Each structure stands twice: as C-alpha cells, then as structure tokens.
Amino acid sequence: MRSAGLSIRVPGDKSITQRALILGAMADGTSRIEGALRGADPLATGRALARLGVEIDGLGASEDQVVRIAGRGLRSWKSPKGILDLENSGTGVRLLAGALAAQPLTAVLAGDESLSRRPMDRITGPLREMGASIRYLGRPGVVPFQITGGDLSEIRHEGRVASAQVKSAILFAGVGAGVGVEVLEPRRSRDHSERIFEGMGVDVAEGEATGGWLVRMPEPPPRLSPLQMQVPGDFSSAAFFLAWAALVGCGDLFTVEAVGVNPTRTGLLPALARMGADIRVVGRRRTGGEAVGDLVVAGDSSVLGAVEVGGDEIPGMIDEVPILAVLAARAEGVSRISGAGELRVKESDRLAALATNLRRIGVRVEEFDDGLEIEGTDAPLTGPVETFHDHRIAMAFGVLGATPGCDIRIDGPGVADVSFPGFWDLLARVRTWWETVSDGTPRRGPGTRRPTSGMREPRPRARDTPDTRMPVVAAPTGCTVVAIDGSAGSGKSTTAAAVAGQLGYRHLDSGALYRAVTLGLLDADPGMVAGTVTPADLEALDIAIEWDDRAMAVRMRGARVPEEALRAARVTSEVSAVSALAVVREHLLQLQRAAAEGPGLVAEGRDMGTVVFPDAVVKIYLDAHPRERARRRILQRGESADAAEIEEEARRLEGRDARDSSRSLAPLVRAGDAVLLDTTHMDPMAQMEAVVGLVRAVEGSH
Ligand code: DC
C-alpha cells in the first residue's frame, strides 16, 4: 500500500510572504525570498510597494522563482502615484499602514468591498498615538484612509484583541521610525514578524506578563539586514487537505510536505486529535527562523467525534475555524466553537457565513455572538453554498464537497486565489488519487458512501473584467479627470456636482447623454425597438454638450433639452436598453472625452473609470444600500417616501443596476483601481469631502 501513497505541497505562507515583502522593502540591500505565495493578497501588496518606488522582481513569476526586493533603507519610499489598492488583503493594508506611519510622505490606502467593512481603528489608534496623521476619507473606521507619516514617538500599547496584525503594524512603525515599542496582547498571537526580525538583526523580546503576552522591541537598529529566506508551506492551506484526509480516512498514505508548523499557527492539530484524527509532524527542521515539518495523517481511519474549542485556543487556529466547522458537521455529536467573535470581521462575517451555508446543505447549527454549535450528521449534504467572497469559506465547503455523500455547489470558487492559487486542481487531483487507491471502498464511518459522480467540480474563474475594446484615448494633458461611477441613486450626481464646484472643475453627467439619445429616439418613433438603431439615426439627433461655465446642458437638434424631459418616466424605462447598444456607446464616446478640457473634469456615470477615462487620476465607485438609494430617489422627485414605496423603488433600482451590470459592453463594474465609497450613512457634504480629500491627496503626492 505504501507505494500508493501521495505527498502534496501547498503554496507559501500568506502571512510570512506579506511580512517578507514589506520588511524587504525597508531593508538595506537586496532580499531574496524563495517560495513566496503568489496569491491575490501578496500580489496586491507587491503592487502597492511598487507604487511606493520599491523594485520587486519575480513576484509575477511562478512560485519556484526567487523574489528579489531591492531595499534602499528604512525611510526610502517615494510618494505614491495614485491610490494604494490592497484589494481583499486585511494583512496588507494594516501592515503597510504600520510601515507607512514612519515614512515622510502621504498615501491613500483603499480596498475592495469586503476590506471596506473591516475595522481599521485598532491600528490607526496606536499609529496616531505614535504621531502619524490619519484621515478617514469615507466612513470612519474603515478604508479608504489617508496616512501621513514621519517622526514617531515610543509607545506601549495594550490591545483588547490578540491580533498579530496590530502587533506587527506597531513593530513596523517602530522599526521604521527607530523608536522603541511594547505591545501587550491579551493572548499570544502569531509571531511571524518577530521570527523575520530575528533574521534581520532586530532584537524582539517576548514572554508572559501580567495581563497577557508582552512583546518588546526596546531599541530598533538603524538599519535592517536584507532577508534570505525560504517561505514554508502555509499551514492554513495545508489544513484543508488534512481535513479532507481525515474525512475520507486515507490512513497514513497521505502527506503534506514542508509546511510551516510555528506553534502560534497549529492550534488546529490538538483539536483534530481530540476529534480522533491523528496528524503527526515528521521531519521537523527550521528554515528562515520558522519551524517546518511534513504532516502525515497517521493511523487508520476512525469515526470523528465532536469537539469543543474556545478561549485561548482560538488565536492559534483563527483561520482554521471554517474547516473545523465543516469537520464538525461530519462528526458524531454536537461540537461547540466559542470565543471566536473576531471571525465576524474577517474577509466575511465567517460565523454567519458558516451558519448560513451549513444550514443550506442540511446541517443543524446554532449561531451565537462568539461562536457556533454544530450537530454532526452522516446524512447526505447537498445544495448550493455562497462564498461571501471569502476564500476560506469557499475552500472549506470545497473540501466537504470532495468527500463521499456530498454534492455541494459553490458560487464564485475563484476567490480561493486570494491565498491558494491552484486549490481546485489540487483537490481534484487528490480525489482522483484516492478513488483509485481506495478502489471506491471508503474505509471510514459517517459520510463514507461511494463518491457521488455528480459532484460539480468548481472551476476557478477569472475576475469579471469590463469590456474595454473601445479605443483608449488619454485625456488631454493638464486636465485632471476624476471618474465617479456607481449604482443608481448612490449619490453620484450630487457628489459629482459638489466636487466639481469645490475644485472648480467641469461636471460631466454622462447619464444625461444616454437619456437624451433615448428621448430623441422615442420622439422620432414612439414604438422604437432598441435593437434596430443605426448610426444614421444617432447622427440625425445631433447631440452636443453646451457648457454653461462648468455645468453642462444637452443640446439635441439645435435646441437645449430641458432636464424634466430627460427624467421623464418613459425615458427612464427605456434608457438601460438603449445604453446597452454598442452603436450608442461608440457614438457618445468622443463627445464625453472631449469634455476633459480646462483644469479638471468630474465625470459621472457607469463606465467613466473603466472605459471612457481609464487614465483618470482618481476613480471612485459609489454604492449604498438599495433601500437608502430608493429613499433618496423618491425624495429627489419631491414625493413622500413610505415603506412600501421605498421597497418598490428599491426593486426597480436593483433591476436597472442588474441590467447595467450584466450587459456585455461597458458594464457597470468597479474599476480595479477605483476607491469604493459606501454612502449609506454619509450625507452629501461628507461624500463631497471624501472625494475632494482623495483628489487632493493624490494630486499632492504626484
Ligand atoms: O445616471 P442616470 O440614471 O442618469 O443614467 C441613466 C442610464 O444611462 C443608466 O441606466 C445607465 C446608463 N448610463 C450608462 O450606460 N453609462 C453611463 N456612463 C451613464 C449612464
């Protein structure tokens, strides 16, 4: 049987890769990192560092290539051109903020929708206390925010949550600014930064103290030695395959090689042992200050038993709770997870995501503020699950779906790329191996029916990218273009007009052009069918923009079109269909680009940042809760907004957004480099200030 064994490797550790990239960028000399993770998170961090003038080589290549970072010293970063978009990476944004706190420059940090919900006060608080200046540009407490760094003072920080990101941000700020720092955490959190610092000549002392775990860096050195390191396999990625092996019961045939087994990360192993899954670490060794070993799923399979985890155990297995919950669904008895409230502010609200999905596939779950109670079952588990754009939720349910008796469909499996590119292919490979080796005869208890042939293999899907086939023409030099896109009623017009007024820029309302075309076509033929529109029909409308100082009006067939006519109900109901036509979009393209004249233009619409002005210096994507958008629309019309009206209008708006987002040409999508502003709780003044703040920050840093 031995010869039939399978050894796999998982990608490099995400936490370590992120830290190595940022610290390498602060070192004196070239760092060499082997085995760096090429997931979406470190790639976003790498792009942000490149915008700060750091030369990074090899990150775009495959994982067997060395990454070289040309560090030029602690405070050598340049003012970034544009916004630093950390996409989905909470570690990236928090650690980079720490490092930026010591750089004498201003930068704007932003991220995607899920990052825009994660709390930032826990790092901005101590960094402000040290002397960095931080301004939230949207909602307080979340990205985007602007940070201006420089000289900092010493700090002793006592955190309420055990967070390696908070600790690391403070350590990075202290090292950068050359000031001593102390962090007292209620419980010990992962210590990868401390391990990396050891290799760079920085003394960090740590140990038990009254009130928790104390980490001290009393005297940071004047320079950091470059790093030479091998990133171990990510334990959190390995955990998915260990769990799969425990579920199918593949005895001692299965090994995950060269995994980081830093004790602040392997809290899942004792919990698995209590469930009856014996996973052993063999061939222990050290690389780059970190413990590494091969993980073997030892012994023959046995039925998994329920488990209780909580309190002090949670920080050491914080990223493994999703896969543990999935194992609990297949264990005998009721499992309890407590003290895990922190999971509510991860890439998704992981407790809610787990409870929702487990229930959907037929598992009994109770959800508490800080945990879950899960009743294991050996009944078939089938149905669709939602990833909530969270890589670990996607992979945890992917593992369950790859075990006998389960047929689980996962929406958006591509999100696994954040930490584990190639996850689905590897999962398919180990399944095939096991089906061959076990000869279809599973060796263990619950859930070990023959594999269902019907399981749909989730395929990674490239992120939706807008169709930008239209020719790209840069705006005339000297004119600063601010692109504001977003859903209907998210506050685009009000914000764009106010920003234009404040900055003395022109305001382009591109929606008015699409409305004018729709109106003109309807006037020419009330029974007009959108699909039959020709370029000649559009020429005949003779649409032009008339600038009244900085505000625009639309002219059609030689006359100014009144605002009320553009907003008429028949126009609103047809405009989505008309604006989806390539012939219409092409017809209006040059007209919009020609508006970029004078000191600046605030262009508002659906595809300003993606198609019309892809080089805009600032791109904003506005969104708000559908009910709030509906309320605003109704008030705008001067009507009163009762609850039923709001519901109905919200449904109409969502319908129009769905049509605008799903069309193949220039769909309503957020440009990759657009800053997401959720305006649900923002008044027009705050929205204007946020955008003006961004423009000034980006312009000032050029
Ligand atoms: O912003 P608005 O409601 O006036 O826009 C009217 C319609 O025009 C909207 O449903 C989508 C379309 N539109 C577009 O396709 N591209 C733009 N740049 C602006 C508007």
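Refer to the structure presented above.
Note that the structure is a prediction, hence the values are computed from the model and not measured. (Residues numbered from 1 in each chain as written. Predicted model: local features only at pLDDT ≥ 70, side-chain atom pairs only at ≥ 80, totals over all residues. Heavy atoms only, no water.)

## Some thoughts on the packing of helix α7 (residues 235-248) against helix α12 (residues 423-438)
- Following both chains from N to C, one finds α7 and α12 inclined at 25°, their axes separated by 12 Å at the closest point. Here α12 runs roughly parallel to α7, going by the angle between their axes. Of the two possible hands of crossing, α7 and α12 adopt the one that is right-handed. Listed contacts from α12 to Phe240, Phe241, Trp244 and Val248 of α7 are Phe423, Leu426, Leu427, Val430, Arg431, Trp433 and Trp434.
- Of the residues assigned to the contact of α7 with α12, the class counts are 10 nonpolar, no polar and 1 charged. (Axes fitted to C-alpha atoms, helices over the stretch in contact; angles between N-to-C directions. Helix = DSSP H or I, 4+ residues; strand = E, 2+ residues; numbered from the N terminus. Parallel < 35°, antiparallel > 145°, perpendicular 65-115°, else oblique. Left-handed = near helix turned anticlockwise from the far one by under 90°. Contact = heavy atoms within 4.5 Å. Nonpolar A, V, L, I, M, F, W, Y, C, P; charged D, E, K, R; others polar.)

## Re the pairing of strand β9 (residues 155-158)
- Residues Ile155 and His157 of β9 are buried on one face, while the alternating residues Arg156 and Glu158, pointing to the opposite face, are not.
- When β9 meets strand β10 (residues 181-185), the two strands line up parallel, connected through 4 bridges. If you follow His157 over to β10, its bridge partner there is Val183.
- Assessed by its sense of winding, the connection that carries the chain from β9 through helix α5 (residues 164-177) to β10 is right-handed. (Buried < 20%, exposed > 50% of the residue type's maximum accessible area, 1.4 Å probe, protein only. Pairing = 2+ DSSP bridges. Right-handed = clockwise from strand over helix to strand, strands pointing away.)

## Some words on the side chain of Lys346
- Checked against the element boundaries, Lys346 lands in the loop between β18 (334-337) and α10 (350-360).
- An unpaired buried charge is present at Lys346: no salt bridge exists, and Asp319, the closest side chain of opposite charge, is 4.1 Å distant.
- In this structure Lys346 touches Arg118, Ile318 and Asp319, once residues within four positions along its chain are discounted. (Lys, Arg positive; Asp, Glu negative; His and termini not counted. Salt bridge = Lys/Arg side-chain N within 4 Å of Asp/Glu carboxyl O.)

## A word on the site of the ligand
- Neighbouring the ligand are 15 residues, the closest being Ser510, Arg515, Arg585, Arg656 and Arg663.
- Measuring from an oxygen atom of the ligand, one finds a side-chain N or O atom of Arg515 at 2.8 Å.
- A distance of 2.9 Å separates a nitrogen atom of the ligand from a polar atom in the side chain of Asp607.
- A total of 450 Å² of accessible area belongs to the ligand in isolation, and the protein chains cover 98% of it. (Near = heavy atom within 4 Å. Polar contact = N/O pair within 3.5 Å; in protein donor to acceptor, adjacent residues only side chain to side chain. Areas by Shrake-Rupley, 256 points an atom, 1.4 Å probe, with all protein chains shown as cover.)

## Examining α10
- What α10 keeps buried is the set Arg350, Leu351, Ala353, Leu354, Ala355, Asn357 and Leu358.
- Tucked into the core, α10 has its buried residues touching α9 (321-329), β19 (364-368), β20 (371-375), β21 (381-385) and α11 (391-401).
- Of the residues one or two after α10, Gly362 is the one with positive phi, at around 105°.

## Section: the sheet that holds β9
- The strand order across the open sheet formed by 4 strands is β9-β10-β12-β11, and the pairing between neighbours is mixed. Edge strands, defined here as strands with exactly one partner in the open sheet, are β9 and β11 (205-209). Ignoring strand direction, the axes of neighbouring strands in this sheet form an average angle of 15°.
- Where β11 meets strand β12 (residues 212-217), 5 bridges bridge the pair, whose relative direction is antiparallel. Paired with Gly207 across the strands is Leu214, a residue of β12.
- Here α5 sits on the sheet in contact with β9, β10 and β12, set at roughly 175° to β10.

## What to know about the packing of aromatic side chains
- Tallied over the full model, the rule gives 10 aromatic pairs.
- Between the aromatic rings of Phe423 and Trp424, the centroid separation amounts to 4.8 Å while the plane-to-plane angle is 80°, which identifies the pairing as edge-to-face. Each of the two residues, Phe423 as well as Trp424, counts as buried.
- Within the aromatic cluster, the residues linked to one another by ring pairs are Phe240, Phe241, Phe420, Phe423 and Trp424. (Phe/Tyr/Trp six-rings, centres within 6.5 Å; stacked < 30°, edge-to-face > 60°.)

Geometric descriptors of this kind do not, in isolation, establish any biological role.
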